[in-house]
Amino acid sequence: MSNAASPEVYSPGLEGVIAGETAISTVTGGLRYRGYPIGELVDHCTFEEVAYLLLHGELPNETQYQEFDHRLRAARALPDVVTQTLGKLPKQANQMDVIRTAISMLAHFDPDTGDQTHDANIRKAERLVAQIPLAVAHFYRHAIGQPIVPSRSDLSLSANFLHMVRGTPPSAEEERAFDISLILYAEHEFNASTFTARVICSTMSDLHSSIVGAVGALKGPLHGGANEKVMDVLRAIGSVDNVASWLKDAFARKERVMGFGHRVYKTGDVRAAIVKKFMAAFAAKTGTQKWEEMAEKIEAIIAQEKNLFPNLDWPSARLYHALKLDVALYTPIFVMSRVTGWSAHVIEQLDNNRLIRPRARYTGPEVRAVKPRAQR
Ligand SMILES: CC(C)(COP(=O)(O)OP(=O)(O)OC[C@H]1O[C@@H](n2cnc3c(N)ncnc32)[C@H](O)[C@@H]1OP(=O)(O)O)[C@@H](O)C(=O)NCCC(=O)NCCS
């Protein structure tokens with residue numbers, strides 16, 4: 001049955017639909033978190049400051065910053081059951097599946113699990129910001145068969161994560177590079193995973209359940225999973241000389257090139273431009289210019305042939321590669337950052353909740369009678 005004449009509003013994939021209100025960020029007129037242009041946040045803030053901004057609504061003053069940072073560092077611990085379970089999971093398990101399991105387990109041990117108030121949700125969110133990097137690093141070391149590196153409370157969130165994953169603390173420049181990527185991944189309005197989190201909590205479900213659902217939505221290659229696929233593309237192409245012929249074949253096969261295109265940004269993603277600019281200097285120091293040269297040529301051809309532009313995942317994969325991070329970590333890193341935005345949205349939704357329950361346009365059979373089984 002076609003309902004073409006139906007008067008209801010319908011947009012496949014909800015494209016262009018305003019599905020709610022938010023004061024957390026906007027992509028209209030350039031990405032801004034709570035009013036601050038993303039480029040200024042990158043230039044002037046640490047990831048911890050941006051996390052505070054998203055969760056608490058304002059940039060912290062010095063005292064607020066110190067107290068927040070102290071709370072995050074103090075929360076850097078995983079219950080024994082969680083670390084023991086992570087150590088028993090198959091080493092080849094998908095690391096997004098593992099982090100989904102870890103967050104689910106953490107809910108059982110959070111002292112505020114049953115408390116749905118605004119303040120309790122802030123406390124739970126802060127703890128998740130502190131705990132998720134530990135869980136990611138812990139399972140990663142288990143997966144590569146290396147000893148677990150204990151967390152260090154004297155390091156920033158970024159430096160501690162790199163230390164736990166790689167076994168040695170990063171240089172100040174590596175720490176900054178990683179921090180920039182966390183700032184850029186932290187929040188992005190009503191993307192698929194954030195919307196998932198809001199739908200879940202709109203039923204009056206809890207923060208951990210919302211974040212677990214969001215992780216599931218982020219995993220897919222059309223969303224967060226793209227940053228891992230980008231490295232597959234670059235490796236498959238292999239050299240600058242190979243770019244044109246590889247893309248020609250990919251276009252002929254009607255393949256999507258991961259890291260390009262965006263539902264909202266049709267003329268380019270400001271976040272991608274920020275990382276690309278940063279990589280120009282950083283790659284020279286890390287000896288990864290080859291990938292920058294390849295990326296430049298790929299970008300030019302895809303712009304010309306398809307009028308498509310890089311999204312944040314495109315340069316981020318190169319940044320993580322330059323930091324010598326394994327590809328399996330790329331999307332879990334996105335989780336470490338986006339948990340701030342997801343939590344802010346859950347808190348905002350619950351502060352003024354209305355159940356999210358849209359309608360579907362029915363395309364099934366006309367009404368019909370059930371025949372007895374013998375007559376079907
Ligand atoms: C992000 C994405 C899902 C947005 O998609 P969308 O708004 O639904 O746009 P559509 O999927 O309708 O694509 C529009 C057209 O551009 C093409 N296109 C979009 N992204 C493309 C890509 N990365 N490579 C090649 N072609 C692409 C589509 O095939 C489609 O072409 P058609 O009209 O000839 O069929 C899409 O661009 C994509 O799949 N990108 C790759 C995955 C990725 O990088 N995701 C991270 C997003 S931040």
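All figures in this text were calculated on a predicted structure; none of them were measured in a lab.

A.B. asks: Break down the overall build of the protein for me, citing the residues and quoting the values.
C.D. replies: A tally of helices and strands in the protein yields 16 helices and three strands. Referenced to the eigenvectors of the C-alpha coordinate spread, the extents of the protein come out at roughly 70 × 55 × 45 Å. Here the contacts in the protein between residues at least 6 apart in sequence split such that 75% fall between residues at least 24 apart. For the protein, the accessible surface area stands at approximately 18000 Å², while carbon and sulfur atoms represent 53% of it. Across the protein, 43 positive and 42 negative side-chain charges occur, with their mean positions spaced 9 Å apart.

A.B. asks: Please give an account of the packing of aromatic side chains that cites residues and values.
C.D. replies: Each aromatic ring pair is described using two quantities: the centre-to-centre distance and the angle formed by the ring planes. In this structure the tally under the stated criterion is eight aromatic pairs. Judged by centre distance (5.4 Å) and plane angle (15°), the rings of Phe161 and Phe178 are stacked. A residue pair is termed long-range when its members are at least 10 positions apart, and Phe161 in helix 7 (residues 157-166) and Phe178 in helix 8 (residues 172-185) qualify at 17 residues. Each member of the pair, Phe161 as well as Phe178, carries the same accessibility label: buried. Within the aromatic cluster, the residues linked to one another by ring pairs are Phe161, Phe178, Tyr320 and Tyr330. Positioned above the aromatic ring of Trp291, the side-chain terminus of Lys290 is 4.6 Å from the ring centre.

A.B. asks: Please provide a residue-by-residue account of the pattern of salt bridges, values included.
C.D. replies: All told, the structure shown has 18 salt bridges when counted by the stated rule. For Arg263, the salt bridge identified is with Glu15, shortest N-O distance 3.9 Å. Of the two residues, Arg263 sits in the loop between helix 12 (243-252) and helix 13 (270-286) while Glu15 sits in the segment before strand 1 (25-26), which places them 248 residues apart along the sequence. Note that Arg166 is salt-bridged to Glu174, the shortest N-O span being 2.8 Å. With a relative accessible area of 16%, Glu174 lands in the buried category.

A.B. asks: Quick one: what's the story with the environment of Val346, residue by residue and with numbers?
C.D. replies: Looking at the secondary structure, you find Val346 in helix 16 (residues 330-351). Distance in space between the C-alpha atoms of Val346 and Asn121 is 8.5 Å, their sequence separation being 225 residues. Contact partners of Val346, with chain neighbours within four places excluded, come to Ala197, Cys201, Leu207 and Ser210.

A.B. asks: Residues and numbers for the environment of Asn94, please.
C.D. replies: With respect to the element layout, Asn94 can be found in the loop between helix 4 (80-86) and helix 5 (95-109). Separated by 238 residues in the primary sequence, Asn94 and Pro332 have C-alpha atoms spaced 10.0 Å apart.

A.B. asks: Which residues make up unusual backbone geometry, and what are the values?
C.D. replies: The phi torsion of most residues other than glycine is negative, and most of the peptide bonds are trans. At Glu189, a residue that is not glycine, the phi angle is positive and equals roughly 55°. Overall, the relative accessible area of 23% leaves Glu189 in the partly exposed class. With a phi close to 60°, Lys254 is a non-glycine residue in the positive phi region. Position of Lys254 among the secondary structure elements: in the loop between helix 12 and helix 13. Residue class for Lys254 comes out exposed when judged on its relative accessible area of 74%.

A.B. asks: Quick rundown of the sheet that holds strand 2 (residues 32-33)? Include the residues and the values.
C.D. replies: Read across the open sheet, the three strands follow the order 1-2-3; overall the sheet is antiparallel. Of all strands in the sheet, those with a lone pairing partner are strand 1 and strand 3 (36-37), marking the two edges. The pairing of strand 1 with strand 2 spans two bridges and is classified as antiparallel. Following the sheet pairing, Thr26 is matched in strand 2 by Arg32.

A.B. asks: Lay out the nonpolar core with the relevant residues and their values.
C.D. replies: By size, the foremost hydrophobic cluster in this structure holds 106 residues, and its most contacted members are Ile99, Phe161, Phe178 and Leu325. Ranked by residue count, the leading element in this core is helix 6 (residues 118-143), at 11 residues. Structurally, this core is a two-domain feature, drawing no fewer than three residues from each of domain 1 (21-212 + 334-351) and domain 2 (226-322).

A.B. asks: How would you explain the environment of His142 if you had to name every residue and give the values?
C.D. replies: Along the chain, the position of His142 falls in helix 6. In this structure, the C-alpha to C-alpha distance between His142 and Gln92, residues 50 residues apart in sequence, is 9.9 Å. Each residue touching His142, except ones within four places of it in the same chain, is listed here: Leu86, Gly87, Lys88, Leu89, Lys91 and Ile148. A distance of 2.9 Å separates the side chain of His142 from the backbone oxygen of Leu89, its partner in a polar contact.

A.B. asks: Hey, could you go over the site of the ligand for me, with residue numbers and the actual values?
C.D. replies: Around the ligand, 17 residues are found, and the nearest of them are Arg256, Val257, Gly259, Phe260 and Arg263. In this structure, a nitrogen atom belonging to the ligand sits 3.0 Å away from a main-chain N or O atom of Leu222. When isolated, the ligand has an accessible area of 860 Å², and the protein chains bury 63% of it. Of the residues assigned to the shell around the ligand, the class counts are seven nonpolar, five polar and five charged.

Definitions and cut-offs
Residues numbered from 1 in each chain as written. Predicted model: local features only at pLDDT ≥ 70, side-chain atom pairs only at ≥ 80, totals over all residues. Heavy atoms only, no water. Helix = DSSP H or I, 4+ residues; strand = E, 2+ residues; numbered from the N terminus. Contact = heavy atoms within 4.5 Å. Areas by Shrake-Rupley, 256 points an atom, 1.4 Å probe, with all protein chains shown as cover. Lys, Arg positive; Asp, Glu negative; His and termini not counted. Charge placed at Lys NZ, Arg CZ, Asp CG, Glu CD. Phe/Tyr/Trp six-rings, centres within 6.5 Å; stacked < 30°, edge-to-face > 60°. Buried < 20%, exposed > 50% of the residue type's maximum accessible area, 1.4 Å probe, protein only. Lys NZ or Arg CZ within 6 Å of the ring centre and 35° of its normal. Salt bridge = Lys/Arg side-chain N within 4 Å of Asp/Glu carboxyl O. Pairing = 2+ DSSP bridges. Core = buried A, V, L, I, M, F, W, Y, C linked by side-chain atoms within 4.5 Å. Domains from an automatic or database assignment. Polar contact = N/O pair within 3.5 Å; in protein donor to acceptor, adjacent residues only side chain to side chain. Near = heavy atom within 4 Å. Nonpolar A, V, L, I, M, F, W, Y, C, P; charged D, E, K, R; others polar.

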